[in-house]
Amino acid sequence: MVRAGEYGPDPAHERISLAFTTAQAVRHEGRAAGYRNEVLSLRLDAAVGSCAVEPGALTEGALDECVGAAVSDLLGHPLLPVRIAALDAYLAHVRPHTPAHGARPHPLPAGSSLSRSRARARAVVDLLPAPDTDPTGDQRPVLVVGVVNSLLEQLRARGLEYLPCDLKGGATEWGEPVLIDTAAHLARCGAVLASGMTLGNGTFQGLLDHAVATGKPLVMFAQTGSAVLPRFLGAGVSAVSAEPYPFFWLDGGPGTIHRYGDHA
């Protein structure tokens, strides 16, 4: 659809002017462990599209391949993160995060990295509907795909059960084992709360198919593909917290995320 020009200007005539990566290592005060992130970003006019990648996963020369390239060519690039970042940049260009396109701006206050992470977590978890229950009346857990401890902390504060899943495995801040095989646990959950990083690692389609087949809420929190995922609203995705570049962790000043969906 994008290649056919159904969303706006022909992507063959839209060229990426800037390609860059952003890498971070973080360990919030009071947290037992830290983590690393790397994000590929592509700029198209005033819009920036992004896709998280595993640190060191981009091939040498990937940035040079993107600069000056037509969006249509990058949509066929052999690297999935390049394809996602290019699509995100194009859609952010033609469908910016404005109320006219369904976005509801939500301010994030200035503060430390941890306080801003917690503020974002509250805004994201607000998008979840009331918890579902099984035939015995027990609460069905939220399947959290892409473990962010601030999100789990907010779920715990609200008394919501959850299943933490992440391809990296490990344990949560509270010592809970992180599940690796997301698909194996989909049937147990009442809702899915998933990172946009699932777009970049190829696991999003399975979550979307499950939501469509079962009618379960699928809420996305997205730095990766923040302009892509709102296009799936009503087609499996129930709500999106979209956070285009620059991300909340880059500075301590005030910022904005954009929420989509019935609970936004």
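**A word on helix 3 (residues 80–94)**
Side chains of residues three or four places apart in an α-helix project in the same direction, reflecting 3.6 residues per turn.
(1) Moving on: Here helix 3 contains 15 residues, and its C-alpha end-to-end distance of 21 Å stays within 8% of the 21 Å for a straight helix at 1.5 Å per residue.
(2) Moving on: Across the 15 residues of helix 3, eleven count as buried, placing the element largely inside the fold.
(3) Moving on: Among the residues of helix 3, Pro81, Val82, Ile84, Ala85, Ala86, Asp88, Ala89, Tyr90, Leu91, Ala92 and Val94 are the ones counted as buried.

**Section: the packing of aromatic side chains**
(1) Moving on: Taken as a whole and judged by the stated rule, the model has four aromatic pairs.
(2) Moving on: Ring centres 5.2 Å apart and planes at 80° place the aromatic pair Tyr245 and Phe247 in the edge-to-face group.
(3) Moving on: When its relative accessible area of 24% is taken as the criterion, Tyr245 is described as partly exposed.
(4) Moving on: The class of Phe247 is buried, set by a relative accessible area of 2%.
(5) Moving on: The rings of Phe20, Tyr245, Phe247 and Trp249 are connected pair by pair, giving a single aromatic cluster.

**Section: helix 7 (residues 204–214)**
(1) Moving on: Taken as a whole, helix 7 has its buried residues at Phe204, Leu207, Leu208, His210 and Ala211. One side of helix 7 carries all its buried residues, which in axial view fall inside an arc of 160°. Relative to its buried face, helix 7 has exposed residues pointing more than 90 degrees away, namely Val212 and Ala213.
(2) Moving on: Where helix 7 is buried, its residues touch strand 5 (142–145), strand 7 (191–195), helix 6 (197–201) and strand 8 (218–222).
(3) Moving on: Two residues or fewer past helix 7, Gly215 is found with a positive phi of approximately 75°.

**Focus: the pairing of strand 8**
(1) Moving on: With five of its five residues buried, strand 8 lies for the most part within the structure.
(2) Moving on: Judged by which residues are buried, strand 8 turns out to be covered on both faces: Leu218, Met220 and Ala222 on one side and Val219 and Phe221 on the other are all buried.
(3) Moving on: As paired strands, strand 7 and strand 8 are joined by four bridges and run parallel to one another. Pairing of Ser195 across the sheet is with Phe221, part of strand 8.
(4) Moving on: By the bridge criterion, four bridges tie strand 8 to strand 9 (residues 239–242) in an arrangement that is parallel. Counterpart to Met220 in the pairing with strand 9 is Val240.

**Regarding the layout of surface pockets**
(1) Moving on: Estimated volume of the second largest pocket: approximately 250 Å³.
(2) Moving on: Forming the boundary of the second largest pocket are Met1, Val2, Arg3, Tyr7, Leu75, Arg83, Leu87, Leu91, Val228, Arg231 and Phe232.
(3) Moving on: Here the residues of the lining of the second largest pocket are counted per class, giving eight nonpolar, no polar and three charged.

**Observations regarding the nonpolar core**
(1) Moving on: Formed by 49 residues in total, the largest nonpolar core has its most connected members in Leu42, Val192 and Leu218.
(2) Moving on: Of the residues forming this core, the biggest block, nine residues, is contributed by helix 3.
(3) Moving on: If near-sequence neighbours (up to four positions away) are discounted, Val192 is found in contact with Leu143, Val145, Leu186, Leu207, Pro217, Leu218 and Val219.
(4) Moving on: Counting 17 residues, the second largest nonpolar core, distinct from the first, contains Val142, Leu151, Leu152 and Leu193.

Definitions and limits used
- Along each chain, numbering runs from 1 in the same order as the chain's sequence is written.
- Side-chain atom pairs in this predicted model are given and counted only at pLDDT of 80 or more, local residue features only at pLDDT of at least 70, and totals for whole chains, interfaces and linings cover all residues.
- Side-chain numbers here rest on the full set of heavy atoms in the structure, without hydrogens or water.
- Strands are runs of DSSP state E lasting at least two residues, helices are runs of H or I lasting at least four, and both sets are numbered from the N terminus onward.
- To estimate the expected span of a helix, count its residues, drop one, and scale the result by 1.5 Å.
- Per-residue accessibility, obtained with a 1.4 Å probe over protein chains only, is compared with the maximum for each type, and a residue is labelled buried under 20%, exposed over 50%, and partly exposed between these values.
- Only rings of Phe, Tyr and Trp enter the pairing, Trp through its six-membered ring, and a pair is recorded when the two centres are within 6.5 Å. The plane angle decides the type: under 30 degrees is stacked, over 60 is edge-to-face, the rest tilted.
- Each direction from the helix axis to a C-beta atom contributes to the arc, which is the arc of those directions.
- Contacts were defined at the residue level, with two residues in contact if any of their heavy atoms lie within 4.5 Å.
- Any two strands are treated as partners once DSSP identifies two or more bridges connecting them.
- Cavity: a set of points on a 1 Å grid over the protein atoms alone where a 1.4 Å probe fits but cannot get out. Pocket: an open set with protein on both sides within 12 Å along at least five of seven lines, its lining residues, like those of a cavity, having an atom within 4 Å of a point.
- Grid points are joined across faces, edges and corners, and a volume is the space filled by probe spheres set on the points.
- Charged residues are taken to be Asp, Glu, Lys and Arg, nonpolar residues to be Ala, Val, Leu, Ile, Met, Phe, Trp, Tyr, Cys and Pro, and polar residues to be all remaining types, Gly included.
- Residue types Ala, Val, Leu, Ile, Met, Phe, Trp, Tyr and Cys, when buried and joined through side-chain atoms within 4.5 Å, form a set referred to as a nonpolar core.

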